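Below are the chains, spelled out letter by letter.
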There are 2 protein chains.
Amino acid sequence: MPRHLLSMVLVLAAWAFGPAALAQSDPLPSWNDGAAKARIIAFVQAVTAVGSRDFVPPVDRIAVFDNDGALWSEQPMYFQLAFAIDRVKALAPQHPEWKAKQPFKAALEGDLKALAASGEEGLLELLMATHAGNTSEEFAQAVRDWVRTARHPTLKRPYTELTFQPMRELLNHLRANGFKPYIVSGGGVEFLRVISEELYGVPPEQVIGSSVKTKYELRNGVPVIVRLPTLDFIDDKAGKPVGIHKYIGKRPIAAFGNSDGDLQMLEWTTSAPGARLGVLVHHDDAEREFAYDRQSHIGRLDRALDEAGPRGWTVVSMRRDWKQVYPNR
Amino acid sequence: MPRHLLSMVLVLAAWAFGPAALAQSDPLPSWNDGAAKARIIAFVQAVTAVGSRDFVPPVDRIAVFDNDGALWSEQPMYFQLAFAIDRVKALAPQHPEWKAKQPFKAALEGDLKALAASGEEGLLELLMATHAGNTSEEFAQAVRDWVRTARHPTLKRPYTELTFQPMRELLNHLRANGFKPYIVSGGGVEFLRVISEELYGVPPEQVIGSSVKTKYELRNGVPVIVRLPTLDFIDDKAGKPVGIHKYIGKRPIAAFGNSDGDLQMLEWTTSAPGARLGVLVHHDDAEREFAYDRQSHIGRLDRALDEAGPRGWTVVSMRRDWKQVYPNR
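Please read all numbers here as calculations on a predicted model, not as lab measurements. (Residues numbered from 1 in each chain as written. Chains lettered and ligands numbered in written order. Predicted model: local features only at pLDDT ≥ 70, side-chain atom pairs only at ≥ 80, totals over all residues. Heavy atoms only, no water.)

Comments concerning the overall build of chain A
Note the following rule: Per the convention used, a helix needs a DSSP run of H or I reaching at least four residues, while a strand needs a run of E reaching at least two, with both numbered from the N terminus. In this scheme, a residue with accessible area under 20% of its type's maximum is buried, one over 50% is exposed, and one in between is partly exposed, where area comes from a 1.4 Å probe on protein chains only. The contact definition used throughout considers only heavy atoms, calling two residues in contact when any of these lie within 4.5 Å. Surface exposure here means Shrake-Rupley accessible area, sampled with a 1.4 Å probe, where a residue is shielded only by the protein chains that are shown. None of His or the chain ends enter the tally, which takes Lys and Arg as positive and Asp and Glu as negative. Where a charge lies is defined by one atom per residue type: Lys uses NZ, Arg uses CZ, Asp uses CG and Glu uses CD.
What chain A contains, in helices and strands, is 14 helices and seven strands. Over its C-alpha atoms, taken along the principal directions, chain A stretches across nearly 70 × 50 × 40 Å. In chain A, buried positions account for 57% of the 329 residues. Nonlocal contacts in chain A, meaning residues at least 24 apart in sequence, comprise 65% of its contacts between residues at least 6 apart. Within the structure as shown, chain A displays about 13,800 Å² of accessible surface, and the carbon and sulfur contribution to it stands at 54%. Computed over 39 positive and 39 negative side-chain charges, the separation of the two mean positions in chain A equals 2 Å.

This is the structure:
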């Protein structure tokens, strides 16, 4: 029997013989029972229950997720920044001028504070300088090669193991309920798309991010997409609703973030009529992950934390709400 | 029984009891039997047959369609141009300077030739001038209002009735075989997204098009997306593969167009290894639709027609290959 028919039979069997058992299984086993988990489960029930006044048809069940700090860790630096630093080091012999020029100087000296201070734009400048002129396929290959070998500087694990297990369960729970989850990241879209399917089961076309301009050309008669050294779009802060509008053209009903860079995305998502869900992951777990908020250069959570109460956003305490942070190896 | 379970049961029943009957039903009843139809059917069979050397997993079954001239008519002018002209006329009293300035002058005088000569960029300039400062929701409402009342100048029918029935069947056939069809239009993405679901069953997030820059702001405390009078992206010619890469991040395996503006999209789609399908709709049916190709200002098909043979693209003759052009009323 073809696999998709097999799954249909299994679904039907489950429906016919085991609905009660299914209903009792916990879709979010890595979440401790508490207000955050209850709120998420109740929201999904409300928008999917036929006849509910909050019912939303599947086609409009759009959920948006920040990536860095919301779906995987982001300390002591955005993981894509580690990728860019490794590229700068590899290419430095051909660029003696980088020794005296920021943010390259900071990258070569491993000065994370100076690098963090250069923000998303500094990161993008590094990426543009180290990858302009490459084809998109060459860039994707560099990402794939790096991800296979790189290790987190303090946790000593591959970056791909540093996704948040509770958020992966949440993605699955939403998909199982007809949602279409998008990632809306301040990071580079061409970086994240290479690994989003493996990390989260999110296909490239559901990844929105910052981008450089590209052009189409023939190289020795072969069509390629070439990355240009020009910023096209910064998908951060007020850029996030703009990116959502540009790529999806619909307003989401649920948004998940962790920093002030996600404030406008949560605002845009939750300020329309009907059931809406806004969630902030609060990094308060120095033991299992990292603890930072108002003072952090990376993933600063300050204004959005103040706004959470008045706006009815759910703040997830990593320490109290999550049984487990990373997936089992 | 919930509707989606009901459909599963029906699918299973069809599979168990009636495969032969199903296989014999014609998925493209408005297409005459001939080389074009056979080629399309064979391509879909090849990439979906498990075990076939051309098999493509559903996640990579991306098909891209031009809109104007490929999915609906585009003569005597792009339909979006008719929308823009109506807007120019409505706003003209507030803009006396338009009487002497192109392309506004041509719009006010109904000089289609001058307008057509201004091309996609002229159209976009009209749209920007008549809609900048509007919120995206106001713009969408203007499109909805116009589409309900406007009539084609010579065919005297609502524009929404001027989609091509054979192409709608093709969209359905592809979807039924696990394809994800995208529209990749030189026209404005915010125009087409308002009507793409109704016209073709294609949701907004599967529409790629030309765009203006937008910004996110609060108006009286209410978040809105505002259209700015600045071009962001022209999704035409070499811009089409760029737009596909930007929005989808994957290379399509099938592309459908009708003009030189689609040449690079077909080239990008069909020049990779594996089974690929490139199709050009040739407007050679003056009786039922319009006949034009190498000399037309709108939808010029010249270089792409020359390239079709050497590149193995299928040229669809509207006159010979289609039993019917428009849907029954």
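Topic: the packing of aromatic side chains
What counts is decided by this rule: Stacked, edge-to-face and tilted labels apply to pairs of Phe, Tyr and Trp rings (six-membered ring for Trp) whose centres lie within 6.5 Å, assigned for plane angles under 30 degrees, over 60, and everything in between, in that order. Note on criteria: charge over ring means Lys NZ or Arg CZ within 6 Å of the ring centre, with the direction from the centre no more than 35 degrees off the ring normal.
Under the counting rule described, the total for this entry stands at 29 aromatic pairs over all chains. The interplanar angle of 35° and the centroid separation of 4.8 Å between the aromatic rings of A:Tyr247 and B:Tyr247 together place this pair among those described as tilted. Highlighted residues: A:Tyr247 in helix H11 (residues 239-247) and B:Tyr247 in helix H11 (residues 239-247), drawn from two different chains. The same class applies to A:Tyr247 and to B:Tyr247, which are both buried. Ring geometry for B:Phe164 against B:Tyr326: centres 6.2 Å apart, planes inclined by 25°, an arrangement best described as stacked. Taken together, the positions of B:Phe164 in the loop between helix H8 (136-149) and helix H9 (165-176) and B:Tyr326 in the segment after helix H14 (318-321) put the pair 162 residues apart, joining distant regions of the chain. Through a chain of ring-to-ring contacts, three or more aromatic side chains come together here, namely A:Trp72, A:Phe79, A:Phe83, A:Phe139, A:Trp146, A:Tyr159 and A:Phe191. Taking NZ or CZ as reference, A:Lys246 lies 4.8 Å from the ring centre of A:Phe233, over its face.

A look at the side chain of B:Arg276
All names here are of chain B. In plain terms, the rule: As used in this structure description, the phrase polar contact means that two N or O atoms lie within 3.5 Å; if the pair is within protein, one of them must be able to donate a hydrogen and the other to accept it, and residues adjacent in sequence are counted only when both atoms belong to side chains.
Among the secondary structure elements, Arg 276 is positioned in the loop between helix H12 (263-270) and strand S6 (277-282). There is a polar contact of 2.7 Å between the side chain of Arg 276 and the backbone oxygen of Pro 252. From its side chain, Arg 276 meets the backbone oxygen of Pro 273 in a polar contact 3.2 Å long. In this structure Arg 276 touches Arg 39, Phe 43, Arg 251, Pro 252, Ile 253, Thr 269 and Thr 270, once residues within four positions along its chain are discounted.

A short note on the relation of the copies chain B and chain A
Applied cut-off: Copy-to-copy superposition: least squares on the C-alpha atoms, limited to residues that have pLDDT of at least 70 in both copies.
Its rotation angle being 180°, the transformation that places chain B on chain A also includes 0.0 Å of axial translation and leaves an RMSD of 0.0 Å. Accordingly, the operation relating the two chain copies is best matched by a two-fold axis. By residue overlap, the copies meet face to face through one surface: 100% of the interface positions of chain B are interface positions in chain A.

Concerning helix H3 (residues 35-48) of chain B
Residues and elements named next belong to chain B. So the rule is basically this: The length a helix should cover is 1.5 Å for every residue beyond the first.
For H3, with 14 residues, the first-to-last C-alpha span of 20 Å sits near the 20 Å given by 1.5 Å per residue. Where H3 is concerned, the buried positions are Ala 36, Lys 37, Ile 40, Ile 41, Phe 43, Val 44, Ala 46, Val 47 and Thr 48. Contacts made by the buried residues of H3 are with H9, strand S5 (254-257), S6, strand S7 (314-317) and H14.

Description of the pairing of strand S5 (residues 254-257) of chain A
Residues and elements named next belong to chain A. Rules: Two strands pair if DSSP finds at least two bridges between them.
Side chains of S5 alternate between two faces, with Ala 254 and Phe 256 and Ala 255 and Gly 257 buried alike. Sheet topology places strand S1 (residues 62-65) next to S5; three bridges connect them, and they run parallel. Of the residues in S5, the one forming a bridge with Ala 63 is Ala 254. Two elements, S5 and strand S6 (residues 277-282), share four bridges in a ladder whose sense is parallel. Bridge pairing links Phe 256 to Val 279 in S6.

A look at the interface of chain B and chain A
Heads up, the rule is: By definition, the buried area sums, over both parts, the 1.4 Å-probe accessible area that each loses when the two are put together. For salt bridges, the criterion is a side-chain nitrogen of Lys or Arg within 4 Å of an Asp or Glu carboxyl oxygen. By the convention adopted, Pro, Cys, Tyr, Trp, Phe, Met, Ile, Leu, Val and Ala count as nonpolar, Lys, Arg, Asp and Glu as charged, and the other residues, Gly among them, as polar.
Counting residues at the interface gives 42 residues for chain B and 42 residues for chain A. Here chain B packs against chain A, burying approximately 3,500 Å² in sum over the two surfaces, 64% of which is carbon and sulfur. Across the contact surface, chain B and chain A share six salt bridges. Among the ionic pairs, A:Lys180 bridges to B:Glu205, the shortest N-O distance being 3.0 Å. Counting across the chain B and chain A interface gives 22 residue pairs in polar contact (both at pLDDT 80 or more). Sort the elements by how many residues they give to the side of chain B that touches chain A and helix H1 (residues 3-17) of chain B lands first, with six residues. Looking at the side of chain B that touches chain A residue by residue, the classes come out as 24 nonpolar, seven polar and eleven charged.

A closer look at the sheet that holds strand S2 (residues 180-188) of chain B
All names here are of chain B. Counted only if it meets this: Here an angle of 0 to 180 degrees is reported between the N-to-C directions of two axes, which are lines fitted to C-alpha atoms, with helices fitted over the stretch in contact.
Read from one edge to the other, the open sheet built from seven strands follows the order S4-S3-S2-S1-S5-S6-S7, with strand pairing classed as mixed. The open sheet has two free edges, formed respectively by strand S4 (222-233) and S7, since each of these has just one partner strand. Averaged over all adjacent pairs, the angle separating strand axes in this sheet is 30°, with direction ignored. Sheet contacts for H12: strand S1 (62-65), S2, S5 and S6; angle to S5, the most-contacted strand, approximately 165°.

Some details on unusual backbone geometry
Along the chain, A:Gln75 connects to A:Pro76 via a cis peptide bond; the corresponding omega equals -5°. Take A:Pro76: it is sitting in the loop between S1 and helix H4 (79-91). One non-glycine residue, A:Lys156, lies in the positive phi region at around 55°. With respect to the helices and strands, the residue A:Lys156 is situated in the loop between helix H8 (136-149) and helix H9 (165-176). The phi dihedral of B:Lys237 is positive, around 55°, even though this residue is not glycine. According to the relative accessible area criterion, B:Lys237 is partly exposed, its value standing at 45%.

Description of the pairing of S7(B)
Residues and elements named next belong to chain B. Quick reminder of the rule: With the strands aimed away from the viewer, a crossover counts as right-handed if its path from the first strand over the helix to the second runs clockwise.
Two elements, S6 and S7, share four bridges in a ladder whose sense is parallel. Paired with Val 281 across the bridge in S7 is Val 316. Handedness of the S6-helix H13 (residues 303-311)-S7 crossover: right-handed.

What about the packing of H11(A) against helix H12 (residues 263-270) of chain A?
Residues and elements named next belong to chain A. Note the cut-off: Oblique is the label for any angle not covered by the other classes, which are roughly parallel (under 35 degrees), roughly antiparallel (over 145) and roughly perpendicular (65 to 115).
At a closest axis distance of 7 Å, the pairing of H11 and H12 adopts a crossing angle of 55°. Taken together, H11 and H12 sit at an angle that is classed as oblique. Between H11 and H12, the contacting residues are Lys 240, Pro 241 and Ile 244 on the first element and Gln 264, Met 265 and Trp 268 on the second. Class assignment for the residues of the contact of H11 with H12 results in four nonpolar, one polar and one charged.

Focus: the side chain of A:Lys240
All names here are of chain A. Along the chain, Lys 240 turns up in helix H11. Of the residues examined, Lys 240 reaches a relative accessible area of 1% and is grouped as buried. Aside from chain neighbours lying at most four places away, what touches Lys 240 is Asp 66, Val 184, Ser 185, Gly 186, Asp 235, Gly 261, Asp 262 and Met 265.

Focus on the packing of helix H4 (residues 79-91) of chain B against H8(B)
Residues and elements named next belong to chain B. Two numbers describe how H4 lies on H8: the axes approach to 11 Å, and their chain directions differ by 105°. Considered as vectors, H4 and H8 are oriented roughly perpendicular to each other. Along its contact with H4, which presents Phe 79, Ala 82, Phe 83, Asp 86 and Arg 87, the element H8 presents Phe 139, Ala 142, Val 143 and Trp 146. Residue composition of the contact of H4 with H8, by class: seven nonpolar, no polar and two charged.

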